[in-house]
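# Results of the structural survey
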Amino acid sequence: MKKLALIAAISLLAACSQKAEEKKEVAAEPAAEPAAEAAPAADSGTQPGTYDVKMADGTMATTTINADGTYVDTDPKGKEVKGLYASHDGKDCFDPEGDTPGMCWAVSKRGADGSFTATADDGTVVTVTPKKK
C-alpha cells in the first residue's frame, strides 16, 4: 500500500512538473513581444542618466532619468520637480507629480558627443547633453 501511495505521489509530481514546464513555454512567448515593443525606448535618446538641458533662452537645467521610470528635473535655481518618465509613440514623456500636466518631447538622433535636441508638443526646443562626470 505504501508503494502504491508513493508511486501515486511521484506520478502526481511528474504531472505537475510537466504542466509547469508547459506554462513556462507559453509564458515565454508573450514575454518576448513586450521586449520588442521596448526597443524604441532604447532609441529615444534618454537612457537612464543625468543630462544638462539648455533652454531656448540659454538657461541651464538638469534632468536625471532613473532606470525605475522616474525622473527629477532641477531648474537653474535648484528647484526640483519629480515624476514618471516613459516613452510613447516614439516620444519621451514626463509626467510630474501633482496636478501639473505632463509633456512629451520628440527626440532627435544623438550627435557624436551624445547630445540631442528635444521638441515638446508645444514647440519648445531644448538641447540635451549627457552630464560629464
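Preceding this paragraph is the structure being described.
So, here's what we can say about the structure. Just so you know, the residues in each chain are numbered from 1, in the order the chain's sequence is written. Local features in this predicted model are restricted to residues of pLDDT 70 or higher, and side-chain atom pairs are both shown and tallied only at a pLDDT of 80 or more, whereas totals for entire chains, interfaces and linings draw on every residue. Excluded from the side-chain calculation are hydrogens and water; included are all heavy atoms of the structure.

## Examining the side chain of aspartate 92
Helical segments are the DSSP runs of H or I of at least four residues, strand segments are the runs of E of at least two, and each set is numbered from the N terminus. For aspartate 92, the location among the structural elements is in strand 5 (residues 91-96). Burial classes: relative accessible area under 20% of the type maximum marks a residue as buried, over 50% as exposed, and values in between as partly exposed (1.4 Å probe, protein chains only). Note that His is not counted, nor are the chain ends; the positive residues are Lys and Arg, and the negative ones are Asp and Glu. In the sections that follow, a salt bridge refers to a side-chain nitrogen of Lys or Arg positioned within 4 Å of a carboxyl oxygen of Asp or Glu. Put simply, aspartate 92 is tucked away with no salt bridge, and the nearest opposite charge, on arginine 110, sits 8.1 Å away.

## Concerning the state of the cysteines
Note on terminology: disulfide denotes any pair of cysteine sulfur atoms within 2.5 Å. Inspection of the entire model under this criterion finds one disulfide. Here cysteine 93 connects covalently by a disulfide to cysteine 104, the sulfurs 2.0 Å from one another. The disulfide joining cysteine 93 to cysteine 104 has a torsion of about 110° about its S-S bond and is therefore right-handed. One end of the pair, cysteine 93, is in strand 5; the other, cysteine 104, is in strand 6 (residues 103-107), with 11 residues separating them in the sequence.

## As for the packing of aromatic side chains
The rule is short: rings of Phe, Tyr and Trp, with Trp giving its six-membered ring, pair when the centres are within 6.5 Å, and they are stacked under 30 degrees, edge-to-face over 60, tilted in between. In this structure the tally under the stated criterion is three aromatic pairs. Consider the rings of tyrosine 51 and phenylalanine 116, whose centres lie 6.2 Å apart with planes at 70°: the pair is edge-to-face. Here tyrosine 51, found in strand 1 (residues 49-54), pairs with phenylalanine 116, found in strand 7 (residues 116-120); they are 65 residues apart in sequence, far enough to count as distant. Owing to a relative accessible area of 3%, phenylalanine 116 belongs among the buried residues under this scheme. Consider the rings of tyrosine 71 and phenylalanine 94, whose centres lie 5.0 Å apart with planes at 85°: the pair is edge-to-face. Here phenylalanine 94 lies in strand 5 and tyrosine 71 lies in strand 3 (residues 70-74), a separation of 23 residues in the sequence. Comparing tyrosine 71 with phenylalanine 94 shows no difference in burial state: the two are buried.

## Overview of the environment of lysine 54
Checked against the element boundaries, lysine 54 lands in strand 1. With relative accessibility at 44%, the residue lysine 54 sits in the partly exposed group. When the C-alpha atoms of lysine 54 and valine 126 are compared, they prove to be 5.6 Å apart, with 72 residues separating the residues in sequence. Residue contacts are defined here by distance: any two heavy atoms, one from each residue, within 4.5 Å place the two residues in contact. Apart from residues no more than four positions distant in its own chain, lysine 54 is found in contact with Thr59, Met60, Val126 and Thr127.

## Quick notes on the sheet that holds strand 4 (residues 80-88)
Strands pair in a sheet through their backbones, by hydrogen bonds, and they do so in one of two ways: parallel or antiparallel. In this scheme, strands are said to pair when DSSP sees at least two bridges between them. Read around the barrel, eight strands follow the order 1-2-3-4-5-6-7-8 and close on themselves; strand pairing throughout is antiparallel. For this sheet, the mean inter-axis angle between neighbouring strands, taken without regard to orientation, is 30°. Where strand 2 (residues 60-65) meets strand 3, four bridges bridge the pair, whose relative direction is antiparallel. Bridging from a neighbouring strand, threonine 63 pairs with aspartate 73 of strand 3. Here an axis means a line fitted to C-alpha atoms, over the contact stretch when the element is a helix, while the angle between two N-to-C directions is reported on a 0 to 180 degree scale.

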